[in-house]
Amino acid sequence: MKTRPPNSENITCWRKKFLETFFSNVLHGVLDVSSDWRLNDHHFSPLLHSSPHVSQLTLCNMLQGAVELTAEHNQKVLENLAGSLRILKFQHLLSSDQSIRRSLVLLLHRLIHHGSVSQVSMYSWPVPDTVLLVLILSMSAGFWRSGNALVYHSSPCGLCREEDKAQGQESGQQQAERGRYNEREWSNSENQKGSPRALEEAGAEAKGYRADACLNSVLCGPRSPSLRNQACEEASSKVSCDHTSIQGGSSRCISDQLSCHPVLRKTRRRLKSAVGRKRRCLRRSKGPCADPEDLYDFVFTVAREDNSGSIVDKNSATEGENAENWTSSSPGSPCTGHAGCKKRGGSAGMFSVKAAHRFRSVSTLELFSIPLTGETCRTLSNLLSSWVSLENLVLSYNGLGANIFCILSGLRALSRHSDCHLRVVRVSDVFSHMPCMELVRCILSAFPQLHTLSVSFDLKNQLEGNRPEGNPSCSEVEIPESCLEQLEIRFPREPLHTAFLLPVLKASKSLQQLSLDSATLPCSQELGLLLEALRECNPNLKKLSFHDVNLAEHQKEVLLLLQDPILQEITFSFCRLFESSTTEFLSEIINTVKRNSSLKSLKLPGNRLGNHRLVALADIFSEDSSSSLCQLDVSSNCIKPDGLLEFTKKLEDHIQQRGGQIQFTHLRLFQNWLDQDAETAQEALRRLKAVCSVVNDSWDSSQAFADYISVM
């Protein structure tokens, strides 16, 4: 098929990988089945044959793959994918028409709601189709958009019909038991039926039973399209109903009301308390429910319930608030629909997720390079607020800006759920709208159960600090003891103040990995304060990484880190270690590493080692060394072929002196000047590969001088 998997992909079964790639190429037309006599056989289906082996699938462009997979002749293929597929990716999507979206809806319903897909990832969508984007997000969260409304059911799906049938049979048995119970009660009271009061009580009980039967007939039927009713409210006529008593035609009015609000799973007592109020009862319109381009006609939103527990009518909101204030400020409301999620009064609301059935949802959501507008962020915020199955959330280069507060509001609402499973959060973008440490504290204070937190920004927003009203500084929030194991922070050239990081370190006793990127050290003592804090607060820290942090004037602290008896992996990446150092500093590094038996990995990319320093590093493995170093990374260090060959010869001598007893297993050589003498480089690599595993690339060093100048 003339394809080669990336080196970063760990392939355990090549047969499975081949069939998975084969399936994708046939589906997208890369492999022309009609041109191969072995495949062009009407008795044989390439998609059906390879589908059981597909665990990862990418849909691109106009979603032609979705249309093909939902075709009638590929029904068995779709069933196989529902059992095998785990990761569903969308890449370079374009706008699509209604028929394609309908196919996508059916595909997502089968693969997510009734399938095994646990991860949905979207990549590179510079101008996203908002309707299509929200459709994918909402179905990933467990909701189904059918037609013009987001619904929970009302589908041609056979699996849904089977579930409904089973639920119908169960509810029928419950109603039969209720009927037998009422019959026994009536029989036991036969001797009193002559009195007028008894007759009155019996009549009232019969009427109450008829109301219960009406309620059961609605609630115990097929799961109804709860969220579709919000769209129907706007398009249908409104009929005023006076529920002063349950008699005559009032039971039909109750039934009508429940058909408009089928997700209300109220108890009988709650129903009786509600029927005494004047309510507006909506009749479902025969026409289309809403404009298909109107996002809020099908996007799920959090319920608004008043203090008495009744559903608040959407029409009670003041005019002008219905579009943006559909996420009001009631408890659990993640976002209000304007900059910074400022809370507003009013109770414009929809239906409660607590009262509604949800389909199965994915546990991992990844959005890479997809601009999110304010509307989309509010939608995502509301979905996140109840997405309890979500374990991994990745938002990368989405242009959030001030909308970061909207996302945080949804996450805070999610954190209030006792069954929340969120464990990994990664947020990265070009501009930061709030200080990195403040964002870290804000997320960690809401989710102390997180295992991994990554916050990364390229540049600092000039407007940073002008946070919307109602969003107090997270630096004032106390952080409870957390389960955090991995913390990654990329500062947009912000000063690294240990005083701000210290509360996070104190709360993270289980921290094992810490990565600090692109930070500036405001004073010479700052790094020392950080190391002291790490020793006191994080005794389990195993991996520490600095990237693009100028450590040229912090040689003492570098040596202290290298002799730490707990750290197993240390990374100094593009840290200018040898910019103003002497030969004595390199010797001290080598001697320190030689005495450290706990250090397993040392990564020094981008530190201008050159040939002579690389050759000196070979002494780490000398005969008198007690080092247990297994991995060494010297990428991007201006190493030439003759220097690599000399390093190889010196390493071979040390191994021979130690009788072949050496733990060194991996050497990384990316982006060095090995193309300047191909013959010498090949000899050095050949001899190195007899000693350890070597990872390198065919890098064009003609750009090396420009790269070298750029980091000076």
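Residues numbered from 1 in each chain as written. Predicted model: local features only at pLDDT ≥ 70, side-chain atom pairs only at ≥ 80, totals over all residues. Heavy atoms only, no water.

Caption draft 1: Structural detail: the overall build of the protein. When its secondary structure is counted, the protein shows 22 helices and 19 strands. Split into buried and exposed, the 712 residues of the protein put 51% on the buried side. In the protein, 85% of the contacts between residues at least 6 apart in sequence involve partners at least 24 apart. (Helix = DSSP H or I, 4+ residues; strand = E, 2+ residues; numbered from the N terminus. Buried < 20%, exposed > 50% of the residue type's maximum accessible area, 1.4 Å probe, protein only. Contact = heavy atoms within 4.5 Å.)

Caption draft 2: Summary view of the nonpolar core. Formed by 152 residues in total, the largest nonpolar core has its most connected members in Phe90, Leu422, Leu487, Phe546, Leu551, Phe572 and Leu644. Broken down by element, this core gets its largest block of residues, eight residues, from helix α14 (residues 436–446). In contact with phenylalanine 572, not counting residues within four places along its chain, are Phe546, Leu551, Val558, Leu561, Leu562, Leu577, Lys603, Leu604, Pro605 and Asn607. (Core = buried A, V, L, I, M, F, W, Y, C linked by side-chain atoms within 4.5 Å.)

Caption draft 3: Layout of the side chain of serine 103. Structurally, the position occupied by serine 103 is in helix α5 (residues 98–113). Judged by relative accessible area, serine 103 falls into the buried class, the value being 13%. With sequence-adjacent residues up to four places away left out, serine 103 is seen in contact with Ala66, Val67 and Thr70.

Caption draft 4: Representation of helix α16 (residues 526–537). Over its 12 residues, α16 extends 16 Å from the first C-alpha to the last, a length consistent with the 16 Å expected when each residue adds 1.5 Å. Packed against the buried residues of α16 are α15 (498–507), β13 (513–517), β14 (543–547) and α17 (555–562). (Expected span 1.5 Å × (residues − 1).)

Caption draft 5: Representation of the environment of proline 435 within the structure. By the element assignment, proline 435 lies in the loop between β10 (424–432) and α14. Its relative accessible area of 24% is what places proline 435 among the partly exposed residues. Put simply, proline 435 and lysine 460 are 25 residues apart on the chain and 8.3 Å apart in space, counted from C-alpha to C-alpha.

Caption draft 6: Structural context of unusual backbone geometry. A positive phi angle, close to 50°, is found at histidine 92, a residue other than glycine. Looking at the element boundaries, histidine 92 is found in strand β2 (residues 87–93). Under the relative-accessibility criterion, histidine 92 is labelled partly exposed at 40%. Its identity as a non-glycine residue notwithstanding, cysteine 638 has a phi of 55°, on the positive side. Under the relative-accessibility criterion, cysteine 638 is labelled partly exposed at 22%.

Caption draft 7: Geometry of the pattern of salt bridges. As enumerated under the stated definition, the model contains 14 salt bridges in all. With its nearest N and O atoms 3.1 Å apart, the salt bridge here joins arginine 426 to glutamate 488. Of this pair, arginine 426 sits in strand β10 while glutamate 488 sits in strand β12 (residues 486–490), and the two are 62 residues apart along the sequence. Look at arginine 426 and you get partly exposed, because its relative accessible area is 28%. (Salt bridge = Lys/Arg side-chain N within 4 Å of Asp/Glu carboxyl O.)

Caption draft 8: Main features of a negative patch on the surface. A contiguous patch of negative charge, built from Asp642, Glu646, Asp677 and Glu679, is present on the exposed surface. Mapping glutamate 646 onto the fold places it in helix α20 (residues 641–657). Its relative accessible area of 47% is what places glutamate 646 among the partly exposed residues. (Patch = residues over 30% accessible without salt bridge, like charges linked within 9 Å, V, L, I, M, F, W, Y side chains within 5 Å. Areas by Shrake-Rupley, 256 points an atom, 1.4 Å probe, with all protein chains shown as cover. Lys, Arg positive; Asp, Glu negative; His and termini not counted. Charge placed at Lys NZ, Arg CZ, Asp CG, Glu CD.)

Caption draft 9: View of the packing of helix α19 (residues 610–617) against α20. In the contact formed by α19 and α20, the axes pass within 9 Å of each other and the chain directions differ by 10°. Classed by the angle they form, the pair α19 and α20 counts as roughly parallel. Between α19 and α20, the contacting residues are Asn611, Leu614, Val615, Ala616 and Leu617 on the first element and Asp642, Gly643, Leu644, Glu646, Phe647 and Lys650 on the second. In terms of residue class, the contact of α19 with α20 is made up of six nonpolar, two polar and three charged. (Axes fitted to C-alpha atoms, helices over the stretch in contact; angles between N-to-C directions. Parallel < 35°, antiparallel > 145°, perpendicular 65-115°, else oblique. Nonpolar A, V, L, I, M, F, W, Y, C, P; charged D, E, K, R; others polar.)

Caption draft 10: Representation of a nonpolar patch on the surface in the model. Taken together, Val430, Phe431 and Leu459 make up a surface patch of nonpolar side chains, about 260 Å² in accessible area. Considering the arrangement of structural elements, one finds phenylalanine 431 in strand β10. According to the relative accessible area criterion, phenylalanine 431 is partly exposed, its value standing at 46%.

Caption draft 11: Molecular detail of the packing of aromatic side chains. Going through the model one piece at a time under the given rule, you end up with five aromatic pairs. Pairing phenylalanine 18 with phenylalanine 22 gives two aromatic rings, centres 6.3 Å apart and planes at 15°, and the pair type is stacked. A residue pair is termed a helical-turn pair when its members lie 3 or 4 positions apart in one helix, as phenylalanine 18 and phenylalanine 22 do in helix α1 (residues 14–27) at four residues. Given a relative accessible area of 46%, phenylalanine 18 falls into the partly exposed group. With centroids separated by 6.2 Å and ring planes inclined at 10°, the aromatic side chains of phenylalanine 546 and phenylalanine 572 adopt a geometry described as stacked. In this pair, phenylalanine 546 is assigned in strand β14 and phenylalanine 572 in strand β15 (residues 569–573), connecting sequence segments 26 residues apart. (Phe/Tyr/Trp six-rings, centres within 6.5 Å; stacked < 30°, edge-to-face > 60°.)

Caption draft 12: View of helix α4 (residues 75–84). Every buried residue of α4 is listed here: Val77, Leu78, Asn80, Leu81, Ala82 and Ser84. Of the surrounding secondary structure, the elements contacted by the buried residues of α4 are α1, α2 (46–50), α3 (64–69) and α5.

Caption draft 13: Representation of the pairing of strand β3 (residues 119–123). For β3, a buried count of four out of five residues is recorded, marking the element as mostly surrounded by other parts of the structure. Tracing the backbone out of β2, into α5 and back to the parallel element β3 gives a crossover that is right-handed. Looking at chain direction, β3 and strand β8 (residues 364–368) are connected through five bridges and run parallel. Bridge assignment links valine 120 to a residue of β8, and that residue is leucine 365. (Right-handed = clockwise from strand over helix to strand, strands pointing away. Pairing = 2+ DSSP bridges.)

Caption draft 14: Summary view of the environment of leucine 400. Structurally, the position occupied by leucine 400 is in the loop between β9 (392–396) and α13 (404–415). Under the relative-accessibility criterion, leucine 400 is labelled buried at 5%. Sequence-distant contacts of leucine 400, defined by excluding residues within four places in its chain, comprise Leu372, Cys377, Ile407 and Asp429.

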